[in-house]
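# Observations on chain architecture
Listed here are the chains, written in short residue letters.
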Amino acid sequence: MSGILGREISHVQDVIGEAAAAAIPKMADGDVLMLDNLRLCAEENYEFPPEEAARTVMVRRLAGLFEACVLDSFPTAHRAHPSLVGMPQALPACAGRLVEREVGRLGEIMSVAKAPHVLVLGGAKVRDRLEAISMLVEGHRADHVLLTGMVASVFLRAQGRLAGELGMRGEAELVARAHALIGEHPGTFMTPVDVAVNGPSGRTEVDVREIPAGSPVLDIGRKTVEHYARTISGAGTVFMSGPAGAFEREGYGEGTRELLGAVCDSMATTVVSGGHLSTALRRHGMEGKVDHVSTAGGALVQYMAGRRLPMMAALEEAATRGAGALAK
């Protein structure tokens, strides 16, 4: 931040305590002061209705020291934390430039998005992925769901095609939820037919029914890539979130690279989400070949599913209050 602004940035290792309360009033015009991580305040780790959030100790202590609040973190917009929904109750508030650009671009994309909607979902956050699938399928934003990564392994177990436990916390519950989704939405889900494991000579591709006991799945195989690429090529809208495997390991980024290539080559409206895929796009020189790259995960899914995001709702209400005050 100091390099970008060309000035010294002060920092205090405090959020709502005496050090912060003493440092803020001493600032001169043009000074910039960074407080410590808001998560150090216990209240910031819980979600509240806006009115209750405005009454938290954190918001009450900070609001008296500020004149305005700018919220610029779209990846957390689906959370009702005090800083996101309480501050706009206590102070004049607006969205930052990043939120403005993200919401503006997504609004344009969603206005032209057309079926069939293809969701390519990977990564290791299985519980979040199951929630995302539910929202997007029910919101008619996922006609076909192509699964990779750990979430694919959970669905393979739910289908009875993968023997042995995965060693995940709450695995039985996750597999049961995946089984229910398959039953509720038949014909929607596509799972890998082959995968890559670490064999004696490195990357080894095997049929999903022939995975060696104790061998973690590190990527999808070529047959799966070809199978998925055909579906992607016929899509009207593609949303890809999460890598297909351990793409950061040498020899196991092929599935992620090939699927991103299929997304870039398609004639569909394309959205790529998350830091891992943003990194992969840069690594393979594909950054300018998709319609939108978002740093958000859960917030993006909820926005695409038509959910009202708590932070955005708080900003809209703050704007209404501000317009009313100006009218008076």
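Read on for an overview of the structure. What you are looking at is a predicted structure, and each value in this text was computed from that prediction instead of being measured.

Thresholds applied
- Residues numbered from 1 in each chain as written.
- Predicted model: local features only at pLDDT ≥ 70, side-chain atom pairs only at ≥ 80, totals over all residues.
- Heavy atoms only, no water.
- Pairing = 2+ DSSP bridges.
- Helix = DSSP H or I, 4+ residues; strand = E, 2+ residues; numbered from the N terminus.
- Axes fitted to C-alpha atoms, helices over the stretch in contact; angles between N-to-C directions.
- Parallel < 35°, antiparallel > 145°, perpendicular 65-115°, else oblique.
- Contact = heavy atoms within 4.5 Å.
- Nonpolar A, V, L, I, M, F, W, Y, C, P; charged D, E, K, R; others polar.
- Salt bridge = Lys/Arg side-chain N within 4 Å of Asp/Glu carboxyl O.
- Buried < 20%, exposed > 50% of the residue type's maximum accessible area, 1.4 Å probe, protein only.
- Expected span 1.5 Å × (residues − 1).

Moving on, we get to the sheet that holds strand β8 (residues 194-199). Within a beta sheet, neighbouring strands are joined by backbone hydrogen bonds and run either parallel or antiparallel to one another. If you trace the three strands from one edge of the open sheet to the other, you get β9-β8-β10, paired in antiparallel fashion. Unpaired on one side and paired on the other, β9 (202-207) and β10 (219-220) mark the two borders of the sheet. Direction of pairing for β8 relative to β10: antiparallel, over a ladder of two bridges. Each bridged residue has a counterpart across the sheet, and for V195 the counterpart in β10 is I220.

We now examine unusual backbone geometry. Across the junction of A115 and P116, the peptide omega takes the value -5 degrees, indicating a cis bond. Positionally, P116 belongs in the loop between α6 (97-112) and β5 (117-121).

In space, the six strands of this open sheet follow the order β7-β6-β5-β11-β12-β13, with parallel pairing throughout. Of all strands in the sheet, those with a lone pairing partner are β7 (189-190) and β13 (292-294), marking the two edges. Across four bridges, β5 lies against strand β6 (residues 144-147) in parallel orientation. Counterpart to L119 in the pairing with β6 is V145.

Moving on, we come to the packing of helix α8 (residues 149-158) against helix α9 (residues 171-184). Running from N to C, α8 and α9 point in directions that differ by 75 degrees, and their axes come no closer than 8 Å. When the axes of α8 and α9 are compared, the pair comes out roughly perpendicular. Two secondary-structure elements touch here, α8 through V154, F155, R157 and A158 and α9 through E171, L174, V175, A178, H179, L181 and I182. In terms of residue class, the contact of α8 with α9 is made up of eight nonpolar, one polar and two charged.

Across all of its chains, the model carries 14 salt bridges by this definition. Two residues, R157 and E171, come together in a salt bridge whose shortest N-O distance is 2.5 Å. You can see R157 sitting in helix α8 and its partner E171 sitting in helix α9, a full 14 residues away along the chain. Taking the relative accessible area as the measure of exposure, R157 reaches 27% and is therefore partly exposed. R203 is the partner of E254 in a salt bridge, and the nearest nitrogen-oxygen pair spans 3.8 Å.

Here we take up helix α7 (residues 126-138). In this model α7 runs 18 Å from its N-terminal to its C-terminal C-alpha over 13 residues, within 8% of the 18 Å that 1.5 Å per residue would give. Residues of α7 that are buried: V126, R129, L130, A132, I133, S134, M135, L136 and V137. Positive backbone phi, approximately 60 degrees, marks H140, located one or two places after α7.

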